[in-house]
Amino acid sequence: IIGGPHARMHDKYFAKASGLSQEQFDALLSRMRDVTGKRKDGSEFPVQVGLKNLFVGNKCHFVAYIHDLTEVKKEMMVASSLLESSFDSTFLTNSQGIITRVNQTAVTMFGYDEKEDLVGHSIAKVIGGNYGKFHESMFSAPDSAVGSLTEGTLEKIVDHMRDVTGKRQDNSEFPVQVGLKLLDVHGERMYVAYCHDLTEHKMQVQRLEEEKQASDVERKINRSILDSSFDSIFLVEDDGTIIQVNASAVNEFGYDPEELIGQNISKLVGGGKAPHHDSYLKGFKNKNKKSRTLGTHNNEVLAKRKDGSEFPCQVGLRLVSTASTIQKIHNQGSDEEMSGLSDDESIASHSTSNTANTTKLLSNKMVGFVRNITAEQEAMALALEKKAAEALLTNMLPKEIAARLRENPSHIADHFAKATVLFADIVGFTRLSNSLEPVQVVQFLNNIFSRFDEKLEKYNLNKIKTIGDCYMATSIPGCRDPTQSCAAVCHFALDMIDQLEEYNKENPDQPLNMRIGMNCGPVVAGVVGTKRFLYDIWGDAVNVASRMESTGIPGRVQVTPSIVETVPDGEFEFEERGTVSVKGIGEMNTFLLKHRNELRSTAHWQRVRNSVVSGSFNAHAGANRSLSNLIHLASLEKIALTEAENEGDDAEEVKVDLAGDRDESML
């Protein structure tokens, strides 16, 4: 009934056994042996055999106990498959802590080459740190084997996961988690130990802890940034519920943070808009706008404080997507949950393995920036008032004097060695004003003086004042060059005569005439008064100019000899009037300004020169002029030809027709 190779060797076993000593023979009988059994049909199956000797009289008999191991072997094959399929290291030990079976995962994890390197050795071989020494002492002490532990002690170590230190073949140590199970195999106590490598887990936990610390630091930094902002900042849910505020918001609106968080943002909306605020938020969100600013000087938004007071503000809105991440790390029944919040659609991505699961939840929130623009509006109003005051000051004073007065509001007084002064007076104004209504008088003067003011700007002159129908102007402080300023006033005087003639054409029923007087000389100018500023001038030159007007001829411009001497030579034609009795001075020789000499006036020369360059100049207007004028015309011809050559034009196309008596020698 014995199969396999054991059948043909069986007789030899008996022969060999007869030669054993009694001690060897007893040892042979006490041991269970796994052999192969053979049935009648020749099939073989695994059996376990135990022998006992029996003496009947003097004759020795043997009793063989045979146990069928077929089912046991099947169970062992299943157990072996389960053992090898585990991702964790698995050890099977007896009650003395001796490893009897181990899976390939354990061999690899602990750095060994073969299972035989572990089987037959104490489990303490793979345990590091103080835990290894504890196991060695526990298993080596008599009567202290694991198999003899009490039930109370076993309950503390069995069916519990414990973090210990594992030791590899090269003596390097690493963190492991151990679970212990107790088995009863045919009355013998055995243990199954499951070991899970915690190296990656520990690294992940450390990484998450570092990320958490970094996140805490970042939150503190972000909080400091928020609280350092001068603007009120609110983080709200898309339904308007406040979830975070900064220090400026607390100070501005007068609430404690606890009074705002969890409340609807509409409680801070003023101007009667609070009931409609939810619809505003809904519309803003549905339009998918990334940002928007509300509230300017043209579109005022009102906010409301805790005390009910309201203030104008600008509101900036921005949609922000946030992600909430929940990560679970599973380790044989223990869960560790971690969550984090990230701004602006960005969240730290945690690495996952086959034992990790990550869930990300997205939600929309809004960030509102509220800026109190009360001070800005007040500053704007103040700026407008200042601008209006400056405009008014500029209308009252020359722009140069107004600028000096704004910078230094002290007394302004200047001395000019030679300034040109003009007085103009409408003849018969008193008689005319008596026949008009007051409003008509004002309209009449405004019509005429506005024409004069327009021409005044053209020559950069300054109107000192008007007294009734008297108009006073001067060349200072705008023009400091005596010659040019005197010429500018002469041009202005002639333009005044022209403007009055145009007025008479427009109003033939009320023809007017005017006397104009001019003089130049030293004057003192400055600002007088504290209620209504006035820029005025004083000096004998001013008095003489006034006398030139009062003793003048209607429709003419009477000037002193100083005017004739000051203007550029040949620019104006003057007519000597003769001696005139001047109050306070006596007899004085005066002149009448007749007209401009077009070919000699600076403005005219510029126009002529431009027309020469363009090829459109015609000199017939210079006929019958003086020799001096002809010389100037010849100079223009030379200029025209030279510039034509420089520009690459045909010189023949640029012709200047010089009319009048001349010959080659003159040219």
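Residues numbered from 1 in each chain as written. Predicted model: local features only at pLDDT ≥ 70, side-chain atom pairs only at ≥ 80, totals over all residues. Heavy atoms only, no water.

For the protein, the helix and strand inventory stands at 19 helices and 23 strands. Counting across all 667 residues of the protein, residues that qualify as buried make up 35%. In the form shown here, the protein has an accessible surface area of approximately 39400 Å², with 52% of it arising from carbon and sulfur atoms. (Helix = DSSP H or I, 4+ residues; strand = E, 2+ residues; numbered from the N terminus. Buried < 20%, exposed > 50% of the residue type's maximum accessible area, 1.4 Å probe, protein only. Areas by Shrake-Rupley, 256 points an atom, 1.4 Å probe, with all protein chains shown as cover.)

Let's shift gears to the packing of helix α14 (residues 438-458) against helix α15 (residues 482-506). Two elements in contact, α14 and α15, have axes whose closest approach is 10 Å; the angle formed by their N-to-C orientations is 145 degrees. The two elements α14 and α15 meet at a crossing, and its hand is right-handed. For the pair α14 and α15, contact is made by Phe444, Asn447, Ile448, Arg451, Phe452, Lys455, Leu456 and Lys458 and by Phe492, Asp495, Met496, Gln499, Leu500, Glu502, Tyr503 and Glu506, respectively. Within the contact of α14 with α15, the residues separate by chemical class into eight nonpolar, two polar and six charged. (Axes fitted to C-alpha atoms, helices over the stretch in contact; angles between N-to-C directions. Left-handed = near helix turned anticlockwise from the far one by under 90°. Contact = heavy atoms within 4.5 Å. Nonpolar A, V, L, I, M, F, W, Y, C, P; charged D, E, K, R; others polar.)

This next bit is on the sheet that holds strand β3 (residues 59-68). Taken in spatial order, the three strands line up as β1-β2-β3 in an open sheet, and their pairing is antiparallel. Two strands lie at the open edges of the sheet, namely β1 (33-38) and β3, each paired on one side alone. Within this sheet the neighbouring strands show an average axis-to-axis angle of 50 degrees, counted without direction. Across six bridges, the pairing between β1 and strand β2 (residues 44-56) is antiparallel. If you follow Arg33 over to β2, its bridge partner there is Val49. (Pairing = 2+ DSSP bridges.)

The amide bond that connects Ile476 to the next residue, Pro477, takes the cis arrangement and shows omega of 0 degrees. Position of Pro477 among the secondary structure elements: in the loop between β18 (470-474) and α15. With a phi close to 70 degrees, Asn171 is a non-glycine residue in the positive phi region. Turning to its location among the elements, Asn171 is positioned in the loop between β6 (161-167) and β7 (173-185).

It is worth spelling out the side chain of Asn103 at this point. Here Asn103 shows up in the loop between β5 (99-102) and α4 (104-109). Residue classification places Asn103 among the buried positions, given a relative accessible area of 0%. Contact partners of Asn103, with chain neighbours within four places excluded, come to Leu83, Glu84, Ser86, Asp88, Ser89, Thr90 and Lys115.

Taken together, the side chains of Leu54, Val56, Val63 and Tyr65 present a nonpolar region at the surface, about 350 Å² in accessible area. Elements represented by at least two residues in the nonpolar patch include exactly β2 and β3. A relative accessible area of 43% means that Leu54 is categorised as partly exposed. (Patch = residues over 30% accessible without salt bridge, like charges linked within 9 Å, V, L, I, M, F, W, Y side chains within 5 Å. Salt bridge = Lys/Arg side-chain N within 4 Å of Asp/Glu carboxyl O.)

With five bridges joining them, strand β4 (residues 89-93) and strand β8 (residues 188-197) adopt antiparallel strand pairing. Bridge assignment links Leu92 to a residue of β8, and that residue is Val192. As defined by bridge partners, β7 adjoins β8 across ten bridges and the pair is classed as antiparallel. Looking across to β8, one finds that Asp184 is bridged to Arg189.

Further remarks concern the state of the cysteines. Among covalent bonds in proteins, the disulfide is the one between the sulfur atoms of two cysteines. With the rule as written, the count across this model stands at zero disulfides. Here Cys486 stays free of any disulfide, with the sulfur of Cys490 as its closest cysteine sulfur at 4.5 Å. The class for Cys486 is buried, based on a relative accessible area of 0%. Unpaired in terms of disulfides, Cys520 finds its nearest cysteine sulfur in Cys486, a separation of 4.8 Å. (Disulfide = S-S within 2.5 Å.)

A few words on helix α16 (residues 540-550). Residue pairs three or four apart in sequence face the same way in an α-helix, which turns once every 3.6 residues. Every buried residue belonging to α16 is among Ala541, Val542, Val544, Ala545, Met548 and Glu549, and all of these are buried. What you see down the axis of α16 is that its buried residues fit within an arc of 165 degrees, all on one side. (Arc of directions from axis to C-beta.)

Turning next to the confidence of the model for the protein. For the protein, the average pLDDT comes to 77, and 73% of its residues sit at 70 or higher. When mean pLDDT is compared element by element in the protein, strand β21 (residues 557-559) scores highest at 94, while strand β14 (residues 334-342) scores lowest at 36. Across residues 617-628, confidence stays below pLDDT 50; counting only partners more than four residues off in sequence or on other chains, it has 22 contacts. pLDDT under 50 marks residues 654-667. Its contacts with residues more than four places away, or in other chains, come to 27 contacts. (pLDDT = per-residue confidence, 0-100.)

This part covers the sheet that holds β7. Spatially, the five strands line up as an open sheet ordered β5-β4-β8-β7-β6, and their pairing is antiparallel. Strands with a single pairing partner mark the edges of an open sheet, and in this sheet they are β5 and β6. In this sheet, adjacent strand axes meet at a mean angle of 35 degrees when their direction is disregarded. The pairing of β4 with β5 spans three bridges and is classified as antiparallel. If you follow Thr93 over to β5, its bridge partner there is Ile99.

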